[in-house]
Amino acid sequence: MNTPSPPSRILIVEDAPANIQALTAILRDKGYAISVATNGQQALQVLETLRPDLILLDVVMPGMDGFETCARLKAAPAWRDIPVIFLTARADTGDIVRGFELGAVDYVAKPFHAHELLARVGTHLAMDRLRRENERLVRDESELARHRSVAQMVAGVAHELNTPLGIIHTAAGLLGKWMQSAPMTALAQTEEGRMMAEDLTDATGLIARNALRAHKLVQDFKKVSVNQITDVREPCRLAEVVAETLNLFAVTSRQSPIQVTVHNTMADPTGPWTGYAGALSQVLLNLLANVQRYAYAEGAGGRVELTLADDGPAPTEGYRLTVRDFGQGIAPEHLPRLFEPFFTTGRSRGGSGLGMTIVHTLVTAQMKGGVHVESTPGAGTTVTITLPRTVPD
């Protein structure tokens, strides 16, 4: 369920009460939220507590005029991208040019007309939204490219590891056969020989089992990495993708052990799915990494429940994946910003602020699904992902 976007907020910086009243009436009538400052210094103070989407800035004001106010705005990294429209009674071309040079995006002449004012405000708000969306897409693409590069490297390393692991497994098999040979049987006739034979048999079995386990992990690494590199949309099994991803996560979570319990309630437990296995793996790894980093105390680990379920009757509907932890939860004021690029409360713990942005992008843009987060401080967080059974090509 999508939360309605809050109305765009406009900061009016104007010293004439009549103009403030008129501007407020016109803009509120169109659904905009309004903040007011009556001089430049007050405007800067207002910006310390809120960030408007656009500023209407009078040029002629007592004390700090509009030009100086605009210059200070554009000098501050936190404010420089806010669109500024000058309100001016001056018809001097030089003043208008100066305003543009300082970073204003437009101007409205006094006395202003409601239709012109609303048209200019609406246009620049739309342009600013497009700019921010474009920046977000560029950041997402850059982060995805980085993940593909890492995945390519992992696939290469996994390929190189296969050969020595194969040799170790073969050697362990030969040792196992040798342990059954006549010389070893003869050796075991004495007490010392028997103990030596038992130790060698145990060691051989240990080598064989762990070589096989390492080989399976490498295969899982290689499979997930190749999927992330090629981003192939293909038929697969949802339960299989989840199992392979959890095998990979288990390797990385030893320092802060996370116990993941899988509940599979799908009518077909394998979960036939046509989609992007690499993208789904990346989403699950990001969510589990967040649990590891933020939900529980460092090094303590904790419990996670991962549920696979049908999201409505097959074959018309899709699947629902739920990742639930029982950790410290997320503060209510942070929930609306979870998918914003670079938003993080854990910078000191290595958070980049891009993990949940990538989750949202992969789920909604690539896999054509939905993602929803619920959290209660002190009780944990639940992330629900819905996916179509067949992701559109």
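Since this is a predicted model, take the numbers as computed values, not measurements. (Residues numbered from 1 in each chain as written. Predicted model: local features only at pLDDT ≥ 70, side-chain atom pairs only at ≥ 80, totals over all residues. Heavy atoms only, no water.)

Our focus in this paragraph is the overall build of the protein. If you tally the helices and strands in the protein, you get 10 helices and 12 strands. For the protein, buried positions account for 41% of its 393 residues. Here the analysis covers contacts within the protein between residues at least 6 apart in sequence; of these, 69% occur between residues at least 24 apart. Looking at the protein as shown, the accessible area adds up to about 20800 Å², and 57% of this sits on carbon and sulfur atoms. (Helix = DSSP H or I, 4+ residues; strand = E, 2+ residues; numbered from the N terminus. Buried < 20%, exposed > 50% of the residue type's maximum accessible area, 1.4 Å probe, protein only. Contact = heavy atoms within 4.5 Å. Areas by Shrake-Rupley, 256 points an atom, 1.4 Å probe, with all protein chains shown as cover.)

Further remarks concern the sheet that holds strand β1 (residues 9-13). Picture the strands of a sheet paired through backbone hydrogen bonds; they go either parallel or antiparallel. Spatially, 5 strands are ordered β2-β1-β3-β4-β5 in an open sheet, and the strand pairing comes out parallel. Looking at strand neighbours, the two that pair on one side only are β2 (33-37) and β5 (106-109), the edges of this open sheet. On average, adjacent strands in this sheet sit at an angle of 20 degrees to one another, irrespective of strand direction. Pairing between β1 and strand β3 (residues 54-58): 4 bridges, direction parallel. The residue of β3 that forms the bridge with Leu 11 is Ile 55. Helix α1 (residues 17-29) rests against β1, β2, β3 and β4 (84-88) of the sheet, and its axis sits at about 165 degrees to β2. Lying on the sheet, helix α3 (residues 66-75) is in contact with β3 and β4; it crosses β4 at an angle near 175 degrees. (Pairing = 2+ DSSP bridges. Axes fitted to C-alpha atoms, helices over the stretch in contact; angles between N-to-C directions.)

Turning to a nonpolar patch on the surface, a few remarks are in order. On the surface, a cluster of nonpolar side chains totalling about 580 Å² of accessible area is made up of Ile 168, Leu 175, Trp 178, Leu 187, Met 196, Leu 200 and Ile 207. Only α5 (114-179) and α7 (191-230) provide two or more residues apiece to the nonpolar patch. Along the chain, Leu 187 falls in helix α6 (residues 182-187). (Patch = residues over 30% accessible without salt bridge, like charges linked within 9 Å, V, L, I, M, F, W, Y side chains within 5 Å. Salt bridge = Lys/Arg side-chain N within 4 Å of Asp/Glu carboxyl O.)

Let's shift gears to the environment of Leu 187. For Leu 187, a relative accessible area of 33% translates into the label partly exposed. Remark: the alpha-carbon pair of Leu 187 and Ala 197, spanning 10 residues in sequence, is separated by 7.6 Å. What Leu 187 contacts, discounting residues up to four positions off in sequence, is Gly 193, Arg 194 and Met 196.

What follows deals with the packing of aromatic side chains. In this structure the tally under the stated criterion is 2 aromatic pairs. Taking 5.5 Å as the distance between ring centres and 70 degrees as the angle between the ring planes, the aromatic pair formed by Phe 67 and Phe 86 counts as edge-to-face. Separated by 19 residues along the polypeptide, Phe 67 in helix α3 and Phe 86 in strand β4 bring together distant segments of the chain. Assessed through its relative accessible area of 4%, Phe 86 is described here as buried. On the basis of an interplanar angle of 75 degrees and a centroid distance of 6.4 Å, the ring pair of Phe 100 and Tyr 107 is categorised as edge-to-face. Residue classification places Phe 100 among the partly exposed residues on the basis of a relative accessible area of 40%. Looking at Arg 303, its charged tip hangs above the ring of Phe 326, at a distance of 3.9 Å from the centre. For the cation-ring pair, Arg 389 lies above Tyr 319, with the distance from its terminal atom to the ring centre recorded as 4.4 Å. (Phe/Tyr/Trp six-rings, centres within 6.5 Å; stacked < 30°, edge-to-face > 60°. Lys NZ or Arg CZ within 6 Å of the ring centre and 35° of its normal.)

This part covers the nonpolar core. Within soluble globular proteins, side chains that are nonpolar generally end up buried alongside one another. Judged by nonpolar contacts, the single largest core of 40 residues is most densely connected at Trp 273, Leu 280, Val 283, Leu 287, Leu 321, Met 367 and Ile 385. Taken together, the elements giving at least two residues each to this core come down to α8 (238-252), β8 (272-276), α9 (277-295), β9 (302-311), β10 (318-325), α10 (355-366), β11 (370-376) and β12 (380-388). In terms of residue count, α9 provides more of this core than any other element does, 9 residues in total. Once you skip the residues sitting within four places of it in the chain, Leu 287 turns out to touch Val 323, Met 356, Val 359, Val 383 and Ile 385. Grouped together as the second largest cluster of nonpolar side chains are 21 residues, Val 13, Val 46, Ile 55 and Phe 86 included. (Core = buried A, V, L, I, M, F, W, Y, C linked by side-chain atoms within 4.5 Å.)

Its 13 residues place the ends of α1 18 Å apart at the C-alpha level, agreeing with the 18 Å of an ideal helix rising 1.5 Å per residue. Of the residues making up α1, those classed as buried are Ile 20, Leu 23, Thr 24, Ile 26 and Leu 27. Taken from the residues just after α1, Gly 31 is the one with a positive phi, measuring 90 degrees. (Expected span 1.5 Å × (residues − 1).)

Attention now moves to the pattern of salt bridges. Overall, the coordinates contain 13 salt bridges when judged by the stated rule. The partner of Arg 131 in a salt bridge is Glu 135, with the nearest N and O atoms 3.0 Å apart. Pair noted here: Arg 131 and Glu 135 are both in helix α5, with a separation of 4 residues, about one helical turn. Taking relative accessible area as the criterion, Arg 131 reaches 26% and is therefore assigned partly exposed. For Glu 135, a relative accessible area of 33% gives the class partly exposed. Residues joined in a network through salt bridges with shared partners are Asp 128, Arg 131, Arg 132 and Glu 135.

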